[in-house]
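Below are the chains, spelled out letter by letter.
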Number of protein chains: 2
Amino acid sequence: MDITVAIDAMGGDHGPHVTIPAALKALKDDDQLNIVLVGLSDAIEAELKARKATTSPRLRIHHATEVVTMDEQPQSALKNKKDSSMRVAINLVKSGEASACVSAGNTGALMATARFVLKTLPGIDRPAIAGIFPSQKGKTYILDLGANADCTPEQLLQFAVMGSMLVSCVEHKEKPAVGLLNIGSEDIKGNEVVKQTGELLRKSHLNFYGNVEGNDIFKGTTDVVVCDGFVGNITLKASEGLAQMMGRFLAQEFKRNWLTKLMGMVAMPVLKAFKSRMDPRNYNGASFLGLRGIVVKSHGGADSIAFLNAIHTAVEESRSGVLKRITEQLEIEHIQSQQIAFANTNSSDNE
Amino acid sequence: MDITVAIDAMGGDHGPHVTIPAALKALKDDDQLNIVLVGLSDAIEAELKARKATTSPRLRIHHATEVVTMDEQPQSALKNKKDSSMRVAINLVKSGEASACVSAGNTGALMATARFVLKTLPGIDRPAIAGIFPSQKGKTYILDLGANADCTPEQLLQFAVMGSMLVSCVEHKEKPAVGLLNIGSEDIKGNEVVKQTGELLRKSHLNFYGNVEGNDIFKGTTDVVVCDGFVGNITLKASEGLAQMMGRFLAQEFKRNWLTKLMGMVAMPVLKAFKSRMDPRNYNGASFLGLRGIVVKSHGGADSIAFLNAIHTAVEESRSGVLKRITEQLEIEHIQSQQIAFANTNSSDNE
C-alpha cells in the first residue's frame, strides 16, 4: 500500500544530519513509501547534496521557515512558530497529504501542536505516549510515558484500548494481553485510581490480564502495560538509568587492569551481541495515541538507525489502520462505559 | 555501645536456616552486640546445634509459639497470631529489651504489627519503607517503597525528613541531599501532589536539591529520593526485573555456542566482579521509618549473607540514634509546617 510520511527534518539534536539519511534508507527499503521532508529547504537540499541524493516524486521537500528548539516551551512554540517544520509536518497529516508524521523534536511542543492541529479521537480525553520496552519474551508496550501526570480511571481505560489496538495492528496479535501496572497482583492493591481502573478494565472487552508489577514489564507477562504518565515516565527514566549504570559497571570491570582488558578483548564478540540486544535504538519511536492522525516521536538524540526505526513505526501504524481500529474499539467500549462514567470525554482538546 | 537486636528467627522463605547463621556471624563480627532469637525454641535449638553453637548471655532464645506465613493477610496475622515470632520480636523493641528488630517475614504483616505495637512518632501520619538502590556514586536511599500507595504532600515531607535523618545517621553525612522524584526538573512539572510537596520541601530546613528524574536514582544525583509507595514500589520492582533480564541476556549470549562459552570462561573473573557489584544481597535491609522503634525488613528470599546485611542496618540505626534525630528534625519542621498544613498528623496509626 502506497503511503506518504511527513518528516520533521529539522527536529532532534542533529536535525537533517540524522533525519535525511534515515529517510533515504527508508525509501530504499520500501518502494511503496513516499516521504515529504519538512523544514528549511536550504538545509535539506545541502544535506541531500552531501548524500548525493536528489528530490523525486517519492522524496519531496516542503519548505517551512521556522524551527522549534529542544528547550522551547510548548505553548510558546504553539503560539509563535506557526511555520515550524514540526507544525507544518503535522499540518500535512491534518490535510491528508501525509498519513503520518515523524519528529525527533521537543516532546512537549510536538504533543501540544499535535493536539491543537489534529484534535483527539471521539471518546479520548487526552492523548498518551506509548513506547516499547525490551522484555524476556520480546517487547512490552507501555503507555502513558509522560503526557499525563494525573489520570482518571476513565483515561486509563482509554489508554488500555489504544495500547491494545496498537499492538494488535503493529504486532499482528489478535487479542493482546493488557496489564494494569500496580504494586501487587490482588485486585484490592494499589491507589484509588488504579483500583477503579481495574474495575473498568474487568468490565471492558479487552483481554485484561489483571494487575502487573514493575518486574512484569521485563518478564513480558503482558503485551501492553497501562499506567499514568507520572509512573510511566519514572519507570522509563529509571530503566534507562539502570541499564546505563550496568553497562558502565561492566565496562569498568573490564578496564580494571591489563588482564581484565585482555579478557574483554577475548569476550568482545559476546559483549557486542549483548549490547546490540539491549540497544535502545531498536526500541526508538514512541507513538502519540488518541489523535486524529499518526504522530511518532523519535528520541531527540537519535542517530539515523534509531530514527529509521521511528519511521518504520509510523509506516506500520499507517498501513495497519491503527486509527480506525482504535476508533472502532472505543465505540465498543463506549457503549459499555457510558453506564459507568465517561462524562468528561473530549473536554480538553481545544487549548 | 552495647546493643541488643531481636531477630524474628522464623521469618522469610528459609526461617532459622538463614536467620541463625546470619545471627552467629553478626555476633562474631561485633562484640558489643547481643541478639535475641525469637521463635519456636525447638527449631531454633536444632539449628544452633547443627551449627555447633549454643546460647549465651549474648545469644538468647525467646520462645514464641506461632509463625506468620508469607502469604497471610496482615490484618489476620495482627488479630490471630499474638504470639508469633514477628509480633514477639516487635514487643521486645516496645518493652525496651531490644533496641531494634529484624524480620524477613511477610512485609504487610510486619508493617501492620509494627504500627500497632510501636505506634508512630509524633508528627508522623504513616510509616514508610526506605530501601537502598545502587548508584554510580555508591548508593541512593529511596522512600517510600510500598507502604503507602496514596500520599499527601505533608506525608511526603515527613518521608523526606525521615530519609534525610536516616542517611545522616547511617552514612554519616551532615546534610544529605534530598530529591523529589518527578517527571521533569522544573518546579512546574509533575502531578498535583508532587508540585505541592515541592513547595513544602523548599520551605523546609532540609537540604532539598529539587526534582529528580528516574535516571537520577542510578546516577546518584541525591542521597535520598522521596516518592509515594506506589511509584517507589513500581520503580523497585521494575529495576529488579530489568537487572534480572540484563543478567539473563548476558548469560544467554555467553552460552550461545562452544566459542562463546570459551570466551565466557576466559572472562569469568570479570563477570563475577560485575555480578558481585550488582549483588542485591549488598543492598538488603529496608528500614521501616516513622515508628517508635527500629524495625528492619529483610527480603523474604534472603540468604544468610543478605540477612546479615539487614542485621547490620538495624545495628547502625540503633547506634546512631536515628529515632532521636528524626524526632528532633520533625520538631524543627513542624514549627514551620503548622503554618502550612499538618492537620491530619497522627490520624491513622491505631487500626
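Nothing here was measured: the structure is a model prediction, and the numbers come from that model.

What counts, and at which threshold
- Here the residue numbers are simple positions, counted from 1 along each chain's written sequence.
- Each chain is given a letter, starting from A, and each ligand a number, starting from 1, according to the order in which they appear as written.
- Thresholds applied to this predicted model are a pLDDT of at least 70 for local features of residues and 80 or more for the giving and counting of side-chain atom pairs; totals over whole chains, interfaces and linings are not thresholded and use all residues.
- As a rule here, side-chain values come from all non-hydrogen atoms in the structure, and water together with hydrogens is ignored.
- At least two DSSP bridges between two strands are needed for those strands to be called paired.
- In this description a helix means any DSSP run of H or I spanning at least four residues, a strand means any run of E spanning at least two, and both kinds are numbered starting from the N terminus.
- Axes here refer to lines fitted to C-alpha atoms; in helices the fit is confined to the stretch in contact. Angles between the N-to-C directions go from 0 to 180 degrees.
- In what follows, residue pairs with any heavy atoms lying within 4.5 Å of each other are defined as contacts.
- Buried area is a sum: the accessible area each of two parts loses on coming together, probed at 1.4 Å, counted once for each and added.
- Put simply, a salt bridge is a Lys or Arg side-chain nitrogen that is within 4 Å of an Asp or Glu carboxyl oxygen.
- In protein, a polar contact requires one atom able to donate a hydrogen and another able to accept it; more generally it is a pair of N or O atoms within 3.5 Å, and residues adjacent in sequence count only if both atoms are side-chain atoms.
- Residue exposure (1.4 Å probe, protein chains only): buried if accessible area is under 20% of the type maximum, exposed if over 50%, otherwise partly exposed.
- With the strands aimed away from the viewer, a crossover counts as right-handed if its path from the first strand over the helix to the second runs clockwise.
- Helices are assigned an expected span. That span is 1.5 Å times one less than the residue count.
- This arc describes the spread of directions from the helix axis toward the C-beta atoms.
- The copies were overlaid by least squares, fitting only the C-alpha atoms of residues that reach a pLDDT of 70 or more in each copy.
- Only buried residues count toward a nonpolar core. Its members are Ala, Val, Leu, Ile, Met, Phe, Trp, Tyr and Cys residues joined through side-chain atoms within 4.5 Å.
- Grouping into patches uses exposed residues only, defined as over 30% relative accessible area, and leaves out salt-bridged ones; the cut-off is 9 Å for like charges and 5 Å for nonpolar side chains (Val, Leu, Ile, Met, Phe, Trp, Tyr).
- The accessible surface values rely on the Shrake-Rupley method and a 1.4 Å probe; as for residues, cover is taken only from the protein chains in view.

*Asks:* Any chance you could explain the sheet that holds strand E6 (residues 138-143) of chain A here in plain terms?
*Replies:* Whenever strands of a sheet pair, they do so through backbone hydrogen bonds, lying parallel or antiparallel. Residues and elements named next belong to chain A. Read across the sheet, 11 strands follow the order E3-E2-E1-E4-E11-E10-E5-E6-E9-E7-E8 without closing on themselves; strand pairing throughout is mixed. Two strands lie at the open edges of the sheet, namely strand E3 (59-63) and strand E8 (207-212), each paired on one side alone. Each neighbouring strand pair of the sheet contributes to a mean axis angle of 25 degrees, computed without reference to strand direction. In terms of strand pairing, strand E5 (residues 128-135) meets E6 through 6 bridges, oriented antiparallel. Residue pairing in the sheet places Phe 133 in a bridge with Thr 140 of E6. Strands strand E1 (3-8), strand E2 (33-39) and E3 of the sheet are contacted by helix H1 (residues 16-29), whose axis makes an angle of about 165 degrees with E2. Set on the sheet, helix H5 (residues 107-118) makes contact with strand E4 (100-103), E5, strand E10 (286-289) and strand E11 (294-297); between it and E11 the angle comes to about 175 degrees.

*Asks:* How should I be thinking about the interface of chain B and chain A in this particular structure?
*Replies:* The figure often quoted for interface size is the accessible area lost as the parts come together. On the chain A side, the residues contacting the 50 residues of chain B number 50 residues. Counting the surface lost from both chain B and chain A, the interface buries some 5000 Å², and carbon and sulfur atoms represent 74% of this. Linking chain B with chain A are 4 salt bridges. Linking A:Lys237 and B:Glu213 is a salt bridge whose minimum nitrogen-to-oxygen distance equals 2.4 Å. Taken together, the links from chain B to chain A amount to 12 residue pairs in polar contact (both at pLDDT 80 or more). Every element with two or more residues in the side of chain B that touches chain A is listed here: strand E5 (128-135), helix H7 (192-203), helix H8 (214-219), helix H9 (229-254) and helix H10 (258-277) of chain B.

*Asks:* How do you make sense of the pairing of strand E7 (residues 177-181) of chain A when you look at a structure like this?
*Replies:* On a regular strand, one side chain projects to one face of the sheet and the next to the other, so that they alternate. Residue and element names in this part refer to chain A. Counted residue by residue, E7 has 5 buried out of 5 residues, so it is predominantly covered. By the bridge criterion, 5 bridges tie E7 to E8 in an arrangement that is parallel. Within E8, the position partnered with Val 178 by the bridge is Phe 208. As a crossover connection, the stretch from E7 through helix H7 (residues 192-203) into E8 is right-handed. Judged from the 3 bridges that link them, E7 and strand E9 (residues 224-226) form a sheet pairing that is parallel. Each residue of the ladder has a partner; that of Val 178, found in E9, is Val 224.

*Asks:* Before we go on, may I ask you to explain H7(A) in this structure?
*Replies:* Every α-helix carries 3.6 residues per turn, so stepping three or four residues along brings you back to the same face. Given a rise of 1.5 Å per residue, 12 residues ought to cover 16 Å, and the 17 Å separating the end C-alpha atoms of H7(A) matches this to within 8%. Buried within H7(A) we find A:Val194, A:Thr197, A:Gly198, A:Leu200 and A:Leu201. Seen along its axis, H7(A) keeps its buried residues to an arc of 170 degrees; they face one direction. Those residues of H7(A) that are buried are in contact with helix H6 (153-170), E7 and E8 of chain A together with H9 of chain B.

*Asks:* Explain the relation of the copies chain B and chain A to me, please; I cannot follow it from the model alone.
*Replies:* The second copy of the chain is related to the first by a rotation about an axis and a shift along the axis. At an RMSD of 0.0 Å, chain B and chain A line up after a rotation of 180 degrees and a shift of 0.0 Å along the axis. What we have between these two chains is a two-fold relation. The share of interface residues of chain B whose copies in chain A are also at the interface is 100%, consistent with both copies meeting through the same surface.

*Asks:* Just checking my understanding: could you explain the nonpolar core for this structure?
*Replies:* Soluble globular proteins tend to pack their nonpolar side chains together in the buried interior. In this structure, A:Leu37 and B:Leu37 are the most contacted members of the largest nonpolar core, which totals 228 residues. If near-sequence neighbours (up to four positions away) are discounted, A:Leu37 is found in contact with A:Ile7, A:Ala9, A:Ile20, A:Ala23, A:Ile44, A:Leu48, A:Leu59, A:Arg60, A:Ile61 and A:His62.

*Asks:* When you look at the sheet that holds strand E7 (residues 177-181) of chain B in this model, what are you seeing that I'm missing?
*Replies:* Residue and element names in this part refer to chain B. Spatially, 11 strands are ordered E3-E2-E1-E4-E11-E10-E5-E6-E9-E7-E8 in an open sheet, and the strand pairing comes out mixed. The open sheet has two edge strands, strand E3 (59-63) and strand E8 (207-212), and neither has a second partner. Neighbouring strand axes in the sheet, compared pairwise and without regard to direction, differ in orientation by 25 degrees on average. As paired strands, E5 and strand E10 (residues 286-289) are joined by 3 bridges and run antiparallel to one another. From the neighbouring strand, Ile 129 faces E10, where its bridge partner is Phe 288.

*Asks:* Explain a nonpolar patch on the surface to me, please; I cannot follow it from the model alone.
*Replies:* All names here are of chain A. Together, Trp 258, Leu 259, Leu 262 and Met 265 make up an exposed nonpolar region whose accessible area comes to about 490 Å². Within the fold, Leu 262 resides in helix H10 (residues 258-277). Owing to a relative accessible area of 45%, Leu 262 belongs among the partly exposed residues under this scheme.

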